[in-house]
Amino acid sequence: MEVFNEAVEYLQGYGIPVVEDDQLDLEDVFDGECDNGFLSAVDSPFSPVRTESADFGDGLSEGDPEKMLERRALVLKSILSSEQQYLSELEAMLMPMKALKATACTSQPVLTNQQIRTVFFQAPELLALHREFHEGLHERLQQGDPNQGVGDLFQKVVNQLGVYRGFIDNYESAIATVRKCTQTDDRFKTLAENMMSSKDGSNCRTKYTLEALLYKPLDRVTKTTLVLHDLLKHTPEDHPDRPLLQEALRISSSFLSGVNEEVPHKKSAVTISKGTIRQLVKDGFLVDLSDGTRNLRHVFLFTDLILCAKLKAGRQPQYRFVWCLPLPGLSLIPGPACQLPPDTQCRMDQMKQKAFRLRQEIQLQRKGSRVLSSRTIDRARKKLLDCELWILSHSPSLPLELHSRCGKSHTVLLSSLYELSEWRDNVERLRGESCERVSPDLLNLTNSCFKLRTTHHPPLYSTLEDSSDLGLCGTLCVVIHRATQLQQPEIDLSIFLEVDSFGYFENKAQTRVLVGDLTPSWEEEFSLQVDGAHDLRLLCVQQPGREDSWTEDRVLGKTTVQLDAKTLLNKWKRSVVSLHQIELSLSLKYTEHSLQPPGIPSTQSSEVFNIHIETVAEREGVLVPHIVRFCAEEVERRGLEEVGIYRISGVATEVQALRTAFNTNLRDALVRLKAVDVNAVSGTLKLYLRELPEPLLPPQYFQALAAALVIADPLEKEHRLVSVLQSLPGVNRNTFLFLLEHLRRVSQNQEVNKMTAQNLATVFGPSLLRPPEEPLGDSGLCVDISQEIVVQVQVVLCYLQCINLPAPQIKLQIHSAELEEMTQQEP
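Residues numbered from 1 in each chain as written. Predicted model: local features only at pLDDT ≥ 70, side-chain atom pairs only at ≥ 80, totals over all residues. Heavy atoms only, no water.

Right, let's talk about the packing of helix α7 (residues 162-184) against helix α9 (residues 210-233) for a bit. It is at 10 Å that the axes of α7 and α9 come closest, and there the two elements cross at 160°. In terms of axis orientation, α7 runs roughly antiparallel to α9. As α7 packs across α9, the resulting crossing turns out to be left-handed. Along the contact surface, α7 presents Tyr164, Phe167, Ile168, Tyr171, Ala174, Ile175, Val178 and Arg179, while α9 presents Leu210, Glu211, Leu214, Tyr215, Pro217, Leu218, Arg220 and Val221. (Axes fitted to C-alpha atoms, helices over the stretch in contact; angles between N-to-C directions. Helix = DSSP H or I, 4+ residues; strand = E, 2+ residues; numbered from the N terminus. Parallel < 35°, antiparallel > 145°, perpendicular 65-115°, else oblique. Left-handed = near helix turned anticlockwise from the far one by under 90°. Contact = heavy atoms within 4.5 Å.)

So this is what it looks like as structure tokens:
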């Protein structure tokens, strides 16, 4: 206990509140140790319905005026008690002022008159202001009338906030004077470190430092705005106090906003020894992965260290230390995306469905479409908070490993590549600038995080205040056109898209990978189902090539596009955005409509194997099915120099796992593609083409293709083959052209992979072309099995050797009128 008491005195010396012993065992807000596996919404500091403090939650219906007046009375009693405590602290701060003034005229003054004026500037005026307010409030509450007005008292206080302005402007000078005199005069040091104040008007005395007491008025400015907000929330609409309180809140909020804008650096800095300033650079809620357990934590990045803390509930929520790593020598290692176990994934789908229904219920209440009791709304918000926190803890899948040179390691999980890039870039920048500093006082630093934080709560819908701007709800169409200003042409480049849902970025998409072009043109369209979307994040990502020593994706540039429903509603808007040095052109359109709950299986099958290719392409909204495109691109990324690629079979279990993934979950399939052996990828593509109910080159074209082979004139033969190709259905034609381009790139590396055009035609011919099962009749071309194989191989080989084939179209063309409109809008 002696060590604890010393720490308490030290922290109080810097004005940082410390919990009492009986508060240290409160349930960890983020551990989620409730019996039902969820975080208790009542205990959470993010809960809108906590009842430990004066904030009793949102949304009392106008039909409960008596209940609102009861709660208003409780809020006023809480304000009166807080004022009493604040007066005690101001009196304790001013108590030595007269004695110090008396010594200033002696031969051995403790402080000079100028130093006294600096230290206690505007403090007597603050005491007089709040003493008058306390007396007036106490007198009116004594009357016991629930309709008693107090708005004029609050207006009088906020109209004199200029007193606080003078105190705040002088605060740094006062603190500097106190610290200087503490170091030079032992008498003042003893006085400044042993100031006493009564607690809650009782005989119990609390020990403070002068610095701690000088900080109290700064803290009071924020509390004034908060208590006005609480009081207004529990004041009925027809109460005569309401317009007075609204005006008082407006004045107080405006004053507080002005103070925060003028001194942003004061909020994000902590003074450490030798005058060094430890600056807060970034903070946010991340998932800390420890021994396989996920815990939602608040992570703070300072200029010389990274600190992880957990928030403890209570009357005064505060942070508890978890771990800390110094930036000098820190190594960052991004890992492969984590996959949830099947049972957890099933529960994730259930949670998303439940959260969706609860949000719909609350939104209907907000819009006035449904009138529900306050108890029903409170219960819905509690359940929603439980669901959202569980989802937020279990959905992040991008790991970032942190390794210090002292041997300590920690892993955090992030939900978005954009956030991962932000944290990584900031850490790497600061790691290069950081030098060895004194060991941090972790108790002091952790407790100061509550004041320094810039992110006050995770991205939860249940924490949003009532707002008419709930973001985009419906379908967001995004067309990625092309990029310019690239510095290196020989790179594998793609564009990643991330759209938020009430601040949480989970909706993602990715363009195909393009190689070796200074102005890559994708012309890909994405239709994203959005709910509560406000921002679109775009990242230009370079994937590792065959000759690169690094293995993880690199973000070359990123940006955020704000989504304005009025601008995008039912019409295309084309623009150019900057991703660092890269210029990217894109088009956006938003269609508003109601959504189905997430995670509910579609009535339409999602399988792709043994399904007609037109059906798969139509479902996906493309002209080349995803499985063909992604398998080919992965082979080009890793397998162009693989000996016997497409000839050597992959491991059967891996091929079947990919088959199952493509049939059930495309996102899971894309993750697996990067993890399995490249021969399993090529084997999956061959399996898909082989299992098509109708081959890519339909049987009714077999006769025409066979007849083209016997034409002696090469130009005439190529013309006939191209003519047949043009007559194929759109999906078949474009998929076949895409496949031919891919196989040409494979054969261009034949000196290494030993796969010539002849070899590739031999592998793919029987899968791409088959004769009709029915007899062709007298006019048909009769062939035996050996001739059939020759035709299959020679057709594919001839197409591989053609030089005048059209380029494949990957995505469906946007309607011509819209395309023309977008072209006219191009900058």
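Bringing the nonpolar core into the picture now. Tyr646, Tyr688, Leu705 and Tyr799 are the most contacted members of the largest nonpolar core, which has 70 residues in total. If we ignore the near neighbours within four places in the chain, the residues touching Tyr799 are Leu705, Leu721, Val724, Leu725, Phe736, Leu740, Arg744 and Leu805. Leu87, Phe154, Val157 and Leu232 belong to the second largest nonpolar core, which has 56 residues in total. (Core = buried A, V, L, I, M, F, W, Y, C linked by side-chain atoms within 4.5 Å. Buried < 20%, exposed > 50% of the residue type's maximum accessible area, 1.4 Å probe, protein only.)

Let us look at the sheet that holds strand β15 (residues 521-533). The strands that make up a sheet pair up through hydrogen bonds in the backbone, lying either parallel or antiparallel. If you trace the four strands from one edge of the open sheet to the other, you get β15-β11-β19-β18, paired in antiparallel fashion. Of all the strands in the sheet, just β15 and β18 (573-579) have a single pairing partner and so form its edges. Recorded for the sheet is a direction-independent mean angle of 30° between the axes of neighbouring strands. With seven bridges joining them, β18 and strand β19 (residues 582-592) adopt antiparallel strand pairing. Counterpart to Arg574 in the pairing with β19 is Ser587. (Pairing = 2+ DSSP bridges.)

Moving on: the pattern of salt bridges. Overall, the coordinates contain 27 salt bridges when judged by the stated rule. Note that Asp185 is salt-bridged to Arg187, the shortest N-O span being 3.0 Å. The partly exposed category is assigned to Arg187, whose relative accessible area is 43%. We note a salt bridge from Lys674 to Asp553, for which the minimum N-O separation is 3.7 Å. Of this pair, Lys674 sits in helix α20 (residues 666-675) while Asp553 sits in the loop between β16 (535-543) and β17 (554-562), and the two are 121 residues apart along the sequence. Residue classification places Asp553 among the partly exposed residues on the basis of a relative accessible area of 27%. Linked through salt bridges whose partners overlap, the residues forming this network are Arg512, Glu524, Arg629 and Glu633. (Salt bridge = Lys/Arg side-chain N within 4 Å of Asp/Glu carboxyl O.)

A few words on the packing of aromatic side chains. This structure, assessed with the given rule, holds five aromatic pairs. A centroid spacing of 5.1 Å and a plane angle of 70° characterise the contact between Phe133 and Phe154, whose relative ring orientation is edge-to-face. Pair noted here: Phe133 is in helix α5 (residues 123-142) and Phe154 is in helix α6 (residues 151-158), with a separation of 21 residues, a long-range link. Just as Phe133 is buried, Phe154 falls in that class too. Centre to centre, the rings of Phe609 and Tyr688 are 5.7 Å apart; their planes meet at 90°, and the pair counts as edge-to-face. Linking Phe609 in the loop between β19 and α17 (613-620) with Tyr688 in helix α21 (residues 678-690), this pair joins segments that are 79 residues apart in sequence. Summarising the burial analysis for this pair, Phe609 and Tyr688 share the class buried. Just above the ring of Phe505 sits the side chain of Arg537; from NZ or CZ to the centre is 3.6 Å. Note that Lys558 overlies the ring of Tyr418, its terminal NZ or CZ placed 5.9 Å from the centroid. (Phe/Tyr/Trp six-rings, centres within 6.5 Å; stacked < 30°, edge-to-face > 60°. Lys NZ or Arg CZ within 6 Å of the ring centre and 35° of its normal.)

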